[in-house]
Amino acid sequence: MEQKNLIIGFEFNPKESQICYFDRAAKDAVSAEIKVGSSQYTFPTVLSKSLGKNEWHFGLEAEYFAEHQNGILIDQLYDLCANGNSTVIDGQDYESGVLLAIYLKNALKMLGVTDPEKQVSGMMITVPSLTRSFVEAIRYAYEKIGVPKTRCFLQDFDESFYYYALYQKQELWGRNVALFSFNDNEVTYSSLELDHRTKPVTATVTSGKTKKLSMESKKRDDDFYRLIEESFGKNIYSSVFLIGEGFDKNWAVRSVALLCRNRRHVFYGNNLYAKGACFAVYEKVEERKLKGYLFVGNALIRHNIGMDMSINGSPAYYAMIGAGVNWYEASKDCELILDNEEELTFVVSSMEDGRRERYTMPLPELPERPNKTTRLRLHLEYDSPKRCQITVEDMGFGEMFPSGGKVWHETMEG
């Protein structure tokens, strides 16, 4: 039977990735098994291409074909996307977004998805952190596999942690929530904190220490115990989540006892980010139960950008980009006509204290024309949380004053 209206979360990692879907009856995110009846949910972040054929395999199958069937292994897919690089495979150049599209298309088949446009209501890809190159690769891949713009999303791991935590019972996130992420012999701590004094309630994820763990069991337990003590201090935690390879309760005797102290709820699993991505897209396209909360992550824009201008003959403020959205979701296109001006002035106001500043962008070599006969097209787009790229293009003014094709660029920081 063909699946329809699927809500999908996808965790994209350097080594292994995983996919899950939202079960509306259970009101929970469910991880897809690699094989029916198995308890393995992660699959290698690799592709392989058959020599001389347009035949691709992904995950465990890709590793098999590369080893036994003379396939070409692509095991740097994550890095290619993060850095925006292309690579030559079988004599042909492939952009990272093209390869990611092939990978996603194969992963979606695990959920019975063969036509994403018809079957997918919403999809969220989550990655450790987002660069402009990553954003472009993911968006290109979404477009290539046919998920419409309004139904595809992306976010970093911190935001997935936030959605995962707040989709649990409230008793698990009434106070702080701790997360210990294991990667073989290293463990990293981070915590989710809610500020109920603000409206909406603001949520932040704070990154703490990373500690190297001993290979010897008792010393490993002692190392982790010390990290817990240092990280928790006198703060009160409702719950603790442990994720990743490298944790085992057989060696973590003292540390597990410490984690469970003060009636803290402790959970171990490997699908927190994938499920958090799934809950996030469910929240965005259907549920809206967290509308009283705002996640203030590192990707968030903290300033509003607009212009004071004349609209229909009256002075007015024209809002362009609003604070409180992630930088990769913020862009604006508009057109305006200059009125006795040779430069553009933007009004920038802080989300925190509302302080307003003016930012002036000169337009050198602006064509000389009568007043109100210079039409400009503006494009604003962020490439990081604190850097907005502004592109201004001279559009001329009809047949009387054709455009000279002049374009100005400016980087606004802050």
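Summarised in this report is the structure supplied together with it. All residue numbers refer to positions counted from 1 along the written sequence of the respective chain. Given that this is a predicted model, residues contribute local features only at a pLDDT of at least 70 and side-chain atom pairs are listed and counted only at 80 or more, while totals for whole chains, interfaces and linings are drawn from all residues. Only hydrogens and water are set aside when side-chain values are computed; all heavy atoms of the structure are taken into account.

Turning next to the side chain of Arg 220. Looking at the element boundaries, Arg 220 is found in helix H7 (residues 217-232). An unpaired buried charge is present at Arg 220: no salt bridge exists, and Asp 184, the closest side chain of opposite charge, is 7.1 Å distant. What makes two residues a contact is simply this: any of their non-hydrogen atoms within 4.5 Å. What Arg 220 contacts, discounting residues up to four positions off in sequence, is Asp 184, Asn 185, Leu 213, Ser 214, Met 215, Gly 246 and Trp 251. Helical segments are the DSSP runs of H or I of at least four residues, strand segments are the runs of E of at least two, and each set is numbered from the N terminus. The buried label applies to any residue whose accessible area, calculated with a 1.4 Å probe on protein chains only, is under 20% of its type's maximum; exposed applies above 50%, and partly exposed to all values in between. Working convention for charge: Lys and Arg count positive, Asp and Glu count negative, and His plus the chain ends are omitted. Counted as salt bridges are all cases of a side-chain nitrogen of Lys or Arg within 4 Å of a carboxyl oxygen of Asp or Glu.

A turn of α-helix holds 3.6 residues, and therefore any two residues three or four places apart point the same way. Expected helix span is given by 1.5 Å per residue-to-residue step, counting one fewer step than there are residues. The end-to-end C-alpha distance of helix H3 (residues 96-108) is 18 Å, a good match for the 18 Å that 13 residues give at a rise of 1.5 Å each. Of all the 13 residues making up H3, eleven are buried; the element is thus mostly covered by neighbouring parts of the structure. Taken together, the buried positions of H3 are Ser 96, Gly 97, Leu 99, Leu 100, Ala 101, Ile 102, Tyr 103, Leu 104, Asn 106, Ala 107 and Leu 108.

Taken in spatial order, the three strands make up an open sheet running E6-E5-E7, and their pairing is antiparallel. For this open sheet the edge positions go to strand E6 (56-58) and strand E7 (72-74), each flanked by a neighbour on one side alone. In this sheet, adjacent strand axes meet at a mean angle of 25° when their direction is disregarded. One ladder, built from three bridges, connects strand E5 (residues 47-49) with E7; its direction is antiparallel. Along E7, the bridge assignment pairs Lys 49 with Ile 72. Axis lines are fitted to C-alpha atoms, over the contacting stretch for helices. Their N-to-C directions set the angle, which ranges from 0 to 180 degrees. Of the strands in this sheet, E5, E6 and E7 are in contact with helix H1 (residues 59-68), which crosses E6 at around 125°. Seen against the sheet, H3 touches E5, E6 and E7 and runs at an angle of roughly 65° to E6. Strand pairing is assigned whenever DSSP detects at least two bridges linking the two strands.

A few words now on the pairing of strand E3 (residues 28-31). On E3, burial follows the alternation: Ala 29 and Ser 31 on one face are buried, whereas Asp 28 and Val 30 on the facing-out side are not. Sheet topology note: the strand E2 (residues 16-23)/E3 ladder contains four bridges and is antiparallel. Note on E3: the bridge partner recorded for Cys 20 is Ser 31. What sits between E2 and E3 in their antiparallel hairpin is a turn of four residues, with Lys 27 showing a positive phi close to 55°.

Turning to the packing of helix H6 (residues 157-166) against helix H9 (residues 272-287), a few remarks are in order. Here H6 crosses H9 at 75°, and the two axes come no closer than 7 Å. Overall, the two elements H6 and H9 adopt an arrangement that is roughly perpendicular. In this structure, H6 contributes Phe 157, Ser 160, Phe 161, Tyr 163 and Tyr 164 to the contact, and H9 contributes Leu 272, Tyr 273, Lys 275, Gly 276, Ala 277, Phe 279, Ala 280, Glu 283 and Lys 284. Working definition: roughly parallel below 35 degrees, roughly antiparallel above 145 degrees, roughly perpendicular at 65 to 115 degrees, and oblique for all remaining angles.

Here the bond from Lys 199 into Pro 200 is cis, since omega is 0°, no more than 30 degrees from zero. Inspection of the secondary structure puts Pro 200 in the loop between strand E13 (186-195) and strand E14 (201-212). In this model, Asn 262 sits at a positive phi of 60°, which is unusual for a non-glycine residue. Mapped onto the secondary structure, Asn 262 falls in the loop between helix H8 (253-259) and strand E16 (265-268). Within the chain, Asn 340 stands out as a residue other than glycine whose phi angle is a positive 55°. Structurally, Asn 340 can be placed in the loop between strand E20 (331-337) and strand E21 (343-350).

The values are spatial; any link to function lies outside them.
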